[in-house]
Amino acid sequence: MTASFTRRTTAARSRIAAVSAIAVAGALVLTACGDQTNSGSQTTEGTKSTSAPLFDKLPKKYQDSGVIKVGTDAAYAPMEYEEGGKIVGIDPDIAAAMGKELGVRFEFTSGTFDGLISSLNTGRQDIVMSAMSDTKARQQGLDDKGKKTGEGVDFVDYFNSGVSLLVKKGNPQNIKSLDDLCGKKVAVQRGTTYHDTFKKQATKCEQDGKGKLTIEAFDTDAEAQTRVKSGGAVADLNDYPVAAHIAKTAGGGNDFEVTGDQTEAGPFGIAVDKDNTQLRDALKDALNAIIKNGEYQKVLEKWDVKDSAVTEATINAGQ
């Protein structure tokens, strides 16, 4: 998911409706599946149909199969999570609405977040839709040290989110900002921009002589939440809608609270291979169509995230 804060690597933001026990406990099992597997596979509504208004925009491959395969990390409510054996949330609902315009199904499969782009590059998935922040580094295929690790991806930007710190209920360490973390231990999901943000803050703490910031990184955000809840870490970093939802629902609202201001909203994007420009442009057209016909707004209202709406689809707008 930027200067003082970043996002779920792509960072944001983004991993608002049912996840207290799921986010802190059940999701530990969900994403233990490691890199992309068939575990937790879910297909959104939508049927192959040449009568769909944007069907002809799609590459023939998807017209023939009627399916777009989606890589996601289904442990990030309310963006995407598993409920009753199905992957549900904001992203699957937006995809389902787009699928009706395109005449195809979006089939979601869960895997670990830091393996999603590689699943796209290897062709196991057609797109990634997982509250992934659109960043220049991801567009260019760079790691957090600026080293070239791949060809990069294109993003169709569909959602805006800032980030916030999530702390134990009552905020016993009186954490109000990143600077308050110096000399303490934090927990975070590995491979996210949140992780990058904590690394940058650790360097700042050292330079300022304020004490070492220790970072514990986990495969899932649920594991990081559990660490904070147990008192083993003082804070986690999350997209604001996710952090607010966790604080509201986990333990009946008694486990966590959000502290500090929401900072620097940035775009979440649907990641597409750079060579797959026809699919990218079809997705952009589909997103613009559901923004225009009101279905996009209905999804955001359902999940109480209206403030994160975009007014039009953009490509690679992230910084």
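Cut-offs used in this document
Residues numbered from 1 in each chain as written. Predicted model: local features only at pLDDT ≥ 70, side-chain atom pairs only at ≥ 80, totals over all residues. Heavy atoms only, no water. Helix = DSSP H or I, 4+ residues; strand = E, 2+ residues; numbered from the N terminus. Buried < 20%, exposed > 50% of the residue type's maximum accessible area, 1.4 Å probe, protein only. Areas by Shrake-Rupley, 256 points an atom, 1.4 Å probe, with all protein chains shown as cover. Disulfide = S-S within 2.5 Å. Axes fitted to C-alpha atoms, helices over the stretch in contact; angles between N-to-C directions. Parallel < 35°, antiparallel > 145°, perpendicular 65-115°, else oblique. Contact = heavy atoms within 4.5 Å. Expected span 1.5 Å × (residues − 1). pLDDT = per-residue confidence, 0-100. Core = buried A, V, L, I, M, F, W, Y, C linked by side-chain atoms within 4.5 Å. Pairing = 2+ DSSP bridges. Right-handed = clockwise from strand over helix to strand, strands pointing away. Salt bridge = Lys/Arg side-chain N within 4 Å of Asp/Glu carboxyl O.

Would you mind going over the overall build of the protein with me for this structure?
When helices and strands are counted, the protein shows 10 helices and 13 strands. For the protein, the residues scored as buried account for 55% of the 319 residues in total. Summed over its atoms, the accessible surface of the protein is roughly 12600 Å², and 47% of this surface lies on carbon and sulfur atoms.

Any chance you could explain the state of the cysteines here in plain terms?
A disulfide bridge is the covalent bond that connects two cysteines by way of their sulfur atoms. With the rule as written, the count across this model stands at 1 disulfide. Disulfide pairing is shown between cysteine 182 and cysteine 205; the S-S distance is 2.0 Å. Disulfide cysteine 182-cysteine 205: the torsion about the S-S bond is -80°, which places it as left-handed. Of this pair, cysteine 182 sits in the loop between strand 8 (153-168) and strand 9 (185-189) while cysteine 205 sits in helix 6 (residues 193-208), and the two are 23 residues apart along the sequence. The exposure class assigned to cysteine 182 is buried, which follows from its relative accessible area of 10%.

Even after reading the chapter, I still don't get the packing of helix 3 (residues 90-102) against helix 9 (residues 277-293), so can you show me in this structure?
When two helices pack together, their arrangement is given by the angle between the helix axes and the distance between those axes. At a minimum axis separation of 9 Å, helix 3 and helix 9 run at an interaxial angle of 105°. As far as their axial angle goes, helix 9 and helix 3 are roughly perpendicular. Contacts between helix 3 and helix 9 involve Ile94, Ala97, Met98, Glu101 and Leu102 on the former and, on the latter, Ala282, Leu283, Ala286, Leu287, Ala289, Ile290 and Asn293.

Please explain the side chain of glutamine 201 as it appears in this structure.
Inspection of the secondary structure puts glutamine 201 in helix 6. Setting aside residues up to four positions removed in sequence, glutamine 201 forms contacts with Leu178, Asp179, Cys182 and Leu213.

I keep staring at helix 3 and nothing clicks. Help me out?
Each α-helix turn comprises 3.6 residues. Residues three or four places apart therefore point the same way. Across its 13 residues, helix 3 extends 18 Å between first and last C-alpha, which sits within 8% of the 18 Å expected from 1.5 Å per residue. Burial of helix 3 is extensive: 11 of the 13 residues sit out of reach of the surface. Among all positions of helix 3, only Ile90, Asp91, Pro92, Ile94, Ala95, Ala96, Ala97, Met98, Gly99, Glu101 and Leu102 are buried. Glycine 103, located one to two residues past helix 3, shows a positive phi value of around 75°.

So what exactly am I meant to see when it comes to the confidence of the model for the protein here?
Atomic detail in the predicted coordinates should be set aside for any region of low pLDDT. Within the protein, residue pLDDT values average 86, and 84% of them lie at 70 or more. Low confidence marks residues 1-39, where pLDDT is under 50. Its contacts with residues over four positions away, or in another chain, come to 203 contacts.

What's the story with the nonpolar core in this structure? I'm lost.
Across soluble globular proteins, nonpolar side chains show a tendency to be buried alongside one another. Membership of the largest hydrophobic core comes to 72 residues, with the highest contact counts inside it found for Ile94, Phe106, Leu181 and Leu283. Apart from the residues within four sequence positions on either side, leucine 283 is in contact with Ile68, Met98, Leu102, Phe106, Ile127, Val156, Ile270 and Val272. Core analysis: the next-biggest nonpolar cluster, separate from the first, contains 8 residues, Phe113, Leu116, Met132 and Ala271 among them.

For this particular structure, what's the right way to read helix 9?
With 17 residues, helix 9 should reach 24 Å at 1.5 Å per residue; the first-to-last C-alpha distance of 24 Å fits that figure. Positive backbone phi, at 95°, marks glycine 294, one or two positions downstream of helix 9.

I tried to follow the pairing of strand 10 (residues 214-218) on my own but got confused; where do I start?
Pairing analysis gives 5 bridges linking strand 9 to strand 10, with the strands arranged parallel. The partner of valine 186 across the bridge, within strand 10, is isoleucine 215. Read from strand 9 through helix 6 to strand 10, the crossover connection turns out right-handed.

I keep staring at the sheet that holds strand 4 (residues 80-83) and nothing clicks. Help me out?
Overall, antiparallel pairing links the 3 strands, which are arranged 3-4-5 in an open sheet. The open sheet terminates on both sides in strands that have one partner only, identified here as strand 3 (75-76) and strand 5 (86-88). Examined bridge by bridge, strand 3 and strand 4 share 2 bridges and lie antiparallel to one another. The partner of tyrosine 76 across the bridge, within strand 4, is glutamate 80.

Is there a simple way to explain the pattern of salt bridges in this structure?
Between side chains of opposite charge, a pair can form as their charged atoms come close. All chains considered together, the criterion is met by 14 salt bridges. As a salt-bridge pair, lysine 274 and aspartate 154 come within 2.8 Å of each other at their nearest N and O atoms. In this pair, lysine 274 is assigned in the loop between strand 12 (256-273) and helix 9 and aspartate 154 in strand 8, connecting sequence segments 120 residues apart. Look at lysine 274 and you get partly exposed, because its relative accessible area is 30%. Using a relative accessible area of 5% as the deciding quantity, one classes aspartate 154 as buried. A single network of salt bridges, built from pairs that share partners, joins Asp154, Lys274, Arg280 and Asp281.

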